[in-house]
Amino acid sequence: MRLQVALAFTLLSLHARADSRATAFVSAYSDDDNLTVVSPEVALRQELSPAVDVEASWEADIISAASVDVMTAASPRGYEETRHGLSAGVIWKPEPEITFALKYLPTWENDYSSHGLSLRTGYEWLERRLEQRLDLRASFDRVGRAGEPESEWRDLGLVAVGPSVSYVVDRWTVASVAYELQAQSGFQASPYRFVPIDWSSGTTVSAPERHPEWRVRHALALGVRHALTRRWFASAGYRFYRDSWKLSSHTADAGLQYATRQERAIVGVDLRGYYQGEASFYQERYAAAPGTLPSYRSRDKMLSENWSVLAGLRGEIGLGPVAFTDDVRVAARTEIYDQHFLSFEPLGGRRAFIFQLGATAEY
Amino acid sequence: MAKACVVVVLALVAGCAPVHSWQRGTLASRCMSPDARPSETRARAHMLGAREGSTGASGEVGGGCGCK
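**Q** Can you help me understand the interface of chain A and chain B in this one?
**A** Reports often express the size of an interface as the amount of accessible area lost when the parts come together. Contact residues are listed per partner, giving 88 residues for chain A and 51 residues for chain B. Taken together, the two surfaces of chain A and chain B that pack against each other cover about 6,100 Å², and 57% of this comes from carbon and sulfur. Where chain A meets chain B, there are 11 salt bridges. Among the ionic pairs, Arg44 of chain B bridges to Asp270 of chain A, the shortest N-O distance being 2.9 Å. The element best represented in the side of chain A that touches chain B is strand S12 (residues 214-227) of chain A, accounting for 10 residues. Residues belonging to the side of chain A that touches chain B are distributed by class as follows: 39 nonpolar, 16 polar and 33 charged.

This is how it looks when you write it as structure tokens:
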């Protein structure tokens, strides 16, 4: 018995992670629809006291695009732009089982700005076998066109609430359930997209895209993680989504990881499948009586019927203590993303390659 | 949807077996934690959110985006 307790404490201390950490990360996305996005991120989390941490991060999306959407819209030459995002937050643990985390997230680009606030609460009970969380977030966004004065931009607001529960099923298995309700109000179309309308007189006209101003979203996700052996780990998940635009989707994912002794190295593979139906007002081609326009009209392929597969390979290595740090870990990931559109005339599908590289120092 | 969540949680909690503290070594592994790689999780959710019509219940919070 004493040997078991000693062994457990030893294992836990080996896996105990410092609360202070610094992360540098970059992700690169490139697809055959001529879109490239490079996204660097720097994040810092600093322990101020045993009960309080602060965190901050900066991230960016550096975008270069000449996709079919862009070439058929208002800027046929393509575009380049950069989006910046910051976050600043505080994490407070008044008791070991209780967590409060508050974060402010502003983002901006030349045609969009956002101010977001998120609050997460967590409580572990039943001898820390059950953890329940509640995520609350709200954001106020402004949507415009590049070169347009910000006073002419339009508003978009969002509120979301997301309870989740994870629990220890047995000493090898953790399961989770998460639900999220989102409500969005405001301008939700693209100011750059125009929709072709076929009049019965034989004329085709172009009208600005128009989406409903309200959207209520529901998402329910189930997940399980299971240690097959001391070194092999499997995970699986499923998410169902439905919203007030009558768009439904199904997402399934599975993963397998192998960790070497003391987790000096971890390798893994994962696979994700996705299918969605189209929004109720989405049509591949709109028809109307001469001189009239459909109330709602969209040229957004994200609202069309589509399916996709995402497959990834990941590797991570722990370098151990370096200089003043307790541990430095470097991870790399490569993914292939194949998406197929079943009701989007300009583009039948696209294939993307994604590469990620990151390093985290714990101290 | 909310009633379905409650039923699922109660059914799963009812199946929990006691796990003592000295039996939790495997559960402490990085491979068992969904929060172990926040940057990767956030980047993936951001990429998929800009390419698919559905979002939510991913556990990650990110800033607003005019991603087209």
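There's more to say after this.
**Q** Please explain the sheet that holds strand S11 (residues 204-208) of chain A as it appears in this structure.
**A** Sheet strands associate in pairs through backbone hydrogen bonding, adopting either a parallel or an antiparallel arrangement. Residue and element names in this part refer to chain A. One open sheet holds the three strands; their spatial order is S11-S10-S16, and the pairing between them is mixed. Here the strands that pair on one side only, and so sit at the sheet edges, are S11 and strand S16 (286-288). Each neighbouring strand pair of the sheet contributes to a mean axis angle of 40°, computed without reference to strand direction. As paired elements, strand S10 (residues 194-199) and S11 share five bridges and run antiparallel to each other. Of the residues in S11, the one forming a bridge with Asp198 is Thr204.

**Q** I keep staring at unusual backbone geometry and nothing clicks. Help me out?
**A** The phi torsion of most residues other than glycine is negative, and most of the peptide bonds are trans. Residue and element names in this part refer to chain A. At Leu126, a position not held by glycine, the phi torsion is positive, near 50°. With respect to the secondary-structure elements, Leu126 resides in the loop between strand S6 (112-125) and strand S7 (130-143). For Leu126, a relative accessible area of 37% corresponds to the partly exposed category. For Ala323, which is not glycine, the phi dihedral falls at a positive 55°. Mapped onto the elements, Ala323 comes out in the loop between strand S17 (306-320) and strand S18 (327-341).

What counts, and where the lines are drawn
Residues numbered from 1 in each chain as written. Chains lettered and ligands numbered in written order. Predicted model: local features only at pLDDT ≥ 70, side-chain atom pairs only at ≥ 80, totals over all residues. Heavy atoms only, no water. Contact = heavy atoms within 4.5 Å. Buried area = accessible area lost by both parts, 1.4 Å probe. Salt bridge = Lys/Arg side-chain N within 4 Å of Asp/Glu carboxyl O. Helix = DSSP H or I, 4+ residues; strand = E, 2+ residues; numbered from the N terminus. Nonpolar A, V, L, I, M, F, W, Y, C, P; charged D, E, K, R; others polar. Pairing = 2+ DSSP bridges. Axes fitted to C-alpha atoms, helices over the stretch in contact; angles between N-to-C directions. Buried < 20%, exposed > 50% of the residue type's maximum accessible area, 1.4 Å probe, protein only.

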